[in-house]
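For reference, the chains in residue letters:
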Amino acid sequence: EGVLPQEYTLIKMEVLRPFPPKLGPLEGKNVFLAAATLRPETMYGQTNAWVLPDGEYGAYEINETDVFVITGRAALNLAYQNFSRIPQKPTCLMELTGHDLIGLPLRSPLSCNEVIYALPMLTILTDKGTGIVTSVPSDAPDDYMALHDLKAKPAFRAKYGVKDEWVMPFEILPIINIPEFGDKAAEKVCIDLKIKSQNEKEKLAEAKRLTYLRGFTEGTMLVGEYAGMKVQEAKPLLRTQLIETGQGIMYSE
Ligand code: A2H
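Sequence positions are assigned chain by chain, starting from 1 and proceeding in written order. With the structure being a predicted model, the display of local features is reserved for residues of pLDDT at least 70 and the display and counting of side-chain atom pairs for 80 or more, all residues being used for whole-chain, interface and lining totals.

## Observations concerning the overall build of the chain
Right, so step 1: Helix and strand assignments come from DSSP, with helices taken as H or I runs of at least 4 residues and strands as E runs of at least 2, each series counted from the N terminus. Secondary structure assignment for the chain yields seven helices and 12 strands.
Right, so step 2: To sort residues by burial, count the other C-beta atoms lying within 10 Å of each one's C-beta; a count of 20 or more means buried, 12 or fewer means exposed, and anything in between means partly exposed. C-beta atoms are built from the backbone. Within the span of the chain, comprising 253 residues, buried residues form 45% of the whole.
Right, so step 3: For the chain, the proportion of contacts with a sequence separation of at least 24, taken over those separated by at least 6, is 71%. C-beta atoms are placed from the backbone for every residue, and two residues are taken to be in contact when these atoms lie within 7 Å.

## Regarding the site of the ligand
Right, so step 1: Neighbouring the ligand are 20 residues; T37, G129, V136, D139 and A140 lie closest to it.
Right, so step 2: Of all elements in the fold, only β2 (30-37), β9 (133-135) and α6 (201-218) reach the threshold of two or more residues within the shell around the ligand.
Right, so step 3: When residues of the shell around the ligand are assigned to their parent elements, the largest contribution, three residues, is made by β9.
Right, so step 4: Taken together, the residues of the shell around the ligand sort by class into eight nonpolar, seven polar and five charged. Defining nearness, a residue is near a molecule or strand when the C-beta atom obtained from its backbone falls within 6 Å of it. When residues are sorted by character, Ala, Val, Leu, Ile, Met, Phe, Trp, Tyr, Cys and Pro go into the nonpolar class, Asp, Glu, Lys and Arg into the charged class, and all the rest, Gly among them, into the polar class.

## Overview of the nonpolar core
Right, so step 1: L33, A35 and A49 are the most contacted members of the largest nonpolar core, which totals 71 residues.
Right, so step 2: Sorting elements by how many residues they give to this core places β2 first, with six residues.
Right, so step 3: With near-sequence residues (within four places) excluded, A35 lies in contact with L10, I11, M13, A49, T130, I132, V133 and T134. Put simply, a nonpolar core is buried Ala, Val, Leu, Ile, Met, Phe, Trp, Tyr and Cys residues tied into one set by C-beta atoms within 7 Å.

## Some remarks on helix α3 (residues 141-152)
Quick reminder: α-helices carry 3.6 residues per turn. Residues three or four places apart thus point the same way.
Right, so step 1: In a regular helix each residue adds 1.5 Å, so 12 residues correspond to 16 Å; α3 covers 16 Å between its end C-alpha atoms and thus fits that length.
Right, so step 2: Looking at the buried positions of α3, the neighbouring elements they touch are β3 (48-51), β8 (116-120), β9, α4 (154-159), α5 (185-192) and α6. In a helix, the anticipated span is given by 1.5 Å times the number of residues less one.

## Notes on the environment of F32
Right, so step 1: In this fold, F32 is placed in strand β2.
Right, so step 2: C-beta crowding within 10 Å serves as the criterion here: with 24 such atoms nearby, F32 is assigned to the buried category.
Right, so step 3: Spatially, the C-alpha atoms of F32 and I86 are 18 Å apart, while their sequence positions differ by 54 residues.
Right, so step 4: If we ignore the near neighbours within four places in the chain, the residues touching F32 are K12, M13, E14, V15, D66 and F68.

## Some remarks on the environment of L193
Right, so step 1: Relative to the helices and strands, L193 is located in the loop between α5 and α6.
Right, so step 2: In this structure L193 comes out as partly exposed when scored by C-beta crowding, with 16 C-beta atoms within 10 Å.
Right, so step 3: For the pair L193 and K203, spaced 10 residues apart in the sequence, the C-alpha separation amounts to 7.1 Å.
Right, so step 4: If sequence neighbours within four positions are ignored, L193 has contacts with K203, E206 and A207.

Encoded structure:
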């Protein structure tokens, strides 16, 4: 934990109806997996959501109609940031594990893919953000390797009950150009560093370091309303747009 607060955008990934039986208690509510991101300008390239299979989540009332699936820790922080039906008090409608969430079909803001699915990632931290991560494999090395692991390893998919159609149709979409790294920066850096799986923490930290700063300072948008614009300029515009249209909220911790 740093000294300065981290400013995230929470992306509201809507759970599509009909809900599976497990989510019966949430019938009639608008249910979202709320993913914390530092890169709202990359949301065009979303291919899936990530959940921690053994992670403990809850369905929390944000207001009269909306429910967020997040960790209890995030729900408490949100309650103190004015995002709870009862001020400063989280209300949990039901407890869920990551296993319960795997395979949920989602509609996520700005995504070029109309429907994406919740999939398992083993390196999610439960003491950061909401415990839900949105996946942009073109620009996030962790996302690229976790999706690569699922695509390359049928036994890994089988272990978590992941159907092929939740994974295989989803291609890496070019959304940002970085002069030194091309249009799929995370893929290039993971290949260059010969990263084999999502568990290679040190190499992935290096890949993130290489791509993160460059993406911000030298990246250019390739898609969407701000195609051609520098990432630096598009980022605050897209963040504001997501928040003003009710597709995202600000969150700090
Ligand atoms: B970022 P920081 Cl395209 N566990 O969003 C693990 N990772 C988490 C997390 C958790 N509980 N909560 C959020 N994150 C990820 C997009 C993205 C991100 C891109 C490129 C880089 C990048 C799409 N995934 O992050 O430690 C989320 O992934 C590079 C660090 O607070 C979030 O932003 O700096 C980022 O980590 C927040 O990490």
